[in-house]
Amino acid sequence: MKTIQTEQLTRAEQCIWSAARTLERVRFAHHFRGGEAGPVVSALRAFQNLDGGFGHAIEPDFRGPVSQPLGTDFALRVLRALGTPAPDLLEGSLRYVRAITAADGGIPNVLPSVSDYPRAPWWQPVESSPGCLLPTAGIVGLLYAAGVNDPWLDSASKFCWKGIDALGERALRSRERLPRLQVAYEARSALTFLDNTPERARAERAAEALGQALHKAELLVAQPDANAEAGQPLEFAAEPTSLARRWFDDDAFARHLDAWLDAQAADGGWDVPWLIWTPITGLEWRGIMTLERLLTLRAWGRCP
């Protein structure tokens, strides 16, 4: 079984120190070098706005300072990996998502305020800003994982269950590339919800049905493909405890883990498969990708 060797981890560290943001630097120091959690929380606070949401390009594809839902999703994922309580960050996040919840009970994917700032071409607001599984399901699941208990979670969960029930049918209907990618990204967000909702029996049934639909729609990538933007096993099951673990056999996960190890570049980093629309996002995403690859490899026993 291939594993990260000391020399490979050292190269990854050099890549992060050479080009990554402060947030990814202190995260690496905490997760792999015994650093304290405090600097990670402090770095996150620099991205949080007075409304409780997160902006300032915490999600690199939106360059503006204002809060966006995907910024909150990004921040909560950092906290989830950290495993350290940060009550003020969670309180602000909950206050923000309550304020932006759409009439259908979900959180919009993109708010109109993006129009004032540079952003990736796929960051486009939708008229009336309806709720979307991405990022609603992810945010709800991450708040559950953090131990948050609030009535908002009950109503947002109803939106998630309804959206997940419909997602399988959407997957089967999808034929064009962009709608198919959207379904894949929403499914990944849905898994975060299903892995953390307290309704465990219902989550297991929903995950099984969703996995079957995604397989039937050929949205899951069983063989390693460096050009695949979404649908790979480890993107759904970043940890072996995920319900998406049941969507693939052991050999599929082993092949993808080996492929990730082989894909490490000479400078120690990992590249991203999606469009880099402006140079700075390439550097920032590469630092994020390198750290996330290492965390997933460690969760699967491939990195010391």
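Heads up: the structure comes first, above all this text.
Attention here is on the structure that accompanies the text. (Residues numbered from 1 in each chain as written. Predicted model: local features only at pLDDT ≥ 70, side-chain atom pairs only at ≥ 80, totals over all residues. Heavy atoms only, no water.)

## Comments concerning the state of the cysteines
Step number 1: Evaluation of the coordinates by the stated rule reveals zero disulfides.
Step number 2: Summary of cysteine pairing: Cys15 is not part of a disulfide, and the nearest cysteine sulfur, belonging to Cys303, is at 14 Å.
Step number 3: Accessibility expressed as a relative area gives 8% for Cys15, which makes it buried.
Step number 4: Unpaired in this structure, Cys132 has its nearest cysteine sulfur neighbour in Cys160, at a distance of 10 Å. (Disulfide = S-S within 2.5 Å. Buried < 20%, exposed > 50% of the residue type's maximum accessible area, 1.4 Å probe, protein only.)

## Observations regarding the environment of Asp262
Step number 1: As for its position among the elements, Asp262 is in helix H11 (residues 250-262).
Step number 2: For Asp262, a relative accessible area of 52% translates into the label exposed.
Step number 3: It is 9.3 Å that separates the C-alpha atoms of Asp262 and Lys2, two residues lying 260 residues apart in sequence. (Helix = DSSP H or I, 4+ residues; strand = E, 2+ residues; numbered from the N terminus.)

## So, the environment of Thr296
Step number 1: Considering the arrangement of structural elements, one finds Thr296 in helix H12 (residues 279-299).
Step number 2: Among the residues examined, Thr296 registers a relative accessible area of 8% and is labelled buried.
Step number 3: Between the alpha carbons of Thr296 and Glu235 there is a distance of 9.1 Å; along the sequence they are 61 residues apart.

## Some words on unusual backbone geometry
Step number 1: Looking along the chain, the bond that leaves Leu134 and enters Pro135 is cis, with omega of 20°.
Step number 2: Inspection of the secondary structure puts Pro135 in helix H6 (residues 133-145).
Step number 3: Despite not being glycine, Ser129 has its phi angle at roughly 50°, a positive value.
Step number 4: Here Ser129 lies in the loop between helix H5 (87-100) and H6.
Step number 5: By relative accessible area, Ser129 is classed as buried at 14%.
Step number 6: Although it is not a glycine, Glu218 sits at a positive phi angle of roughly 60°.
Step number 7: Its location among the elements puts Glu218 in the loop between helix H9 (200-216) and helix H10 (233-236).
Step number 8: Taking relative accessible area as the criterion, Glu218 reaches 66% and is therefore assigned exposed.

## A word on the packing of helix H4 (residues 69-82) against H5
Step number 1: Packing of H4 against H5 leaves a shortest axis separation of 11 Å and a crossing angle of 155°. By the angle between their directions, the pair H4 and H5 is classed as roughly antiparallel. Classified by chirality, the crossing of H5 by H4 is left-handed. Contact with H4, carried on its side by Pro69, Thr72, Leu76 and Leu79, involves Leu89, Leu90, Ser93, Tyr96, Val97 and Ile100 of H5 and no other residues of that element.
Step number 2: Counted by class, the contact of H4 with H5 contains eight nonpolar, two polar and no charged residues. (Axes fitted to C-alpha atoms, helices over the stretch in contact; angles between N-to-C directions. Parallel < 35°, antiparallel > 145°, perpendicular 65-115°, else oblique. Left-handed = near helix turned anticlockwise from the far one by under 90°. Contact = heavy atoms within 4.5 Å. Nonpolar A, V, L, I, M, F, W, Y, C, P; charged D, E, K, R; others polar.)

## Some thoughts on H5
Step number 1: With 14 residues, H5 should cover 20 Å at 1.5 Å per step; its first-to-last C-alpha distance of 20 Å lies within 8% of that length.
Step number 2: Of all the positions in H5, only Leu89, Leu90, Gly92, Ser93, Leu94, Tyr96, Val97 and Ile100 are classed as buried. (Expected span 1.5 Å × (residues − 1).)

## A few points about helix H3 (residues 38-45)
Step number 1: Of all the positions in H3, only Val40, Val41, Ala43 and Leu44 are classed as buried. Here the buried residues of H3 occupy an arc of 160° about the axis, which is enough to place them on one side.
Step number 2: Here the buried face of H3 lies against helix H2 (22-33), H4 and H5. (Arc of directions from axis to C-beta.)

## Describing the pattern of salt bridges
Step number 1: Throughout the structure, instances matching the rule amount to 17 salt bridges.
Step number 2: Its salt-bridge partner being Arg33, residue Glu13 comes within 2.7 Å of it at the nearest N-O pair. With Glu13 in helix H1 (residues 6-19) and Arg33 in helix H2, the pair connects residues that are 20 residues apart, well separated along the chain.
Step number 3: Several salt bridges converge on common partners, so that one network encompasses Asp267, Asp271 and Arg286. (Salt bridge = Lys/Arg side-chain N within 4 Å of Asp/Glu carboxyl O.)

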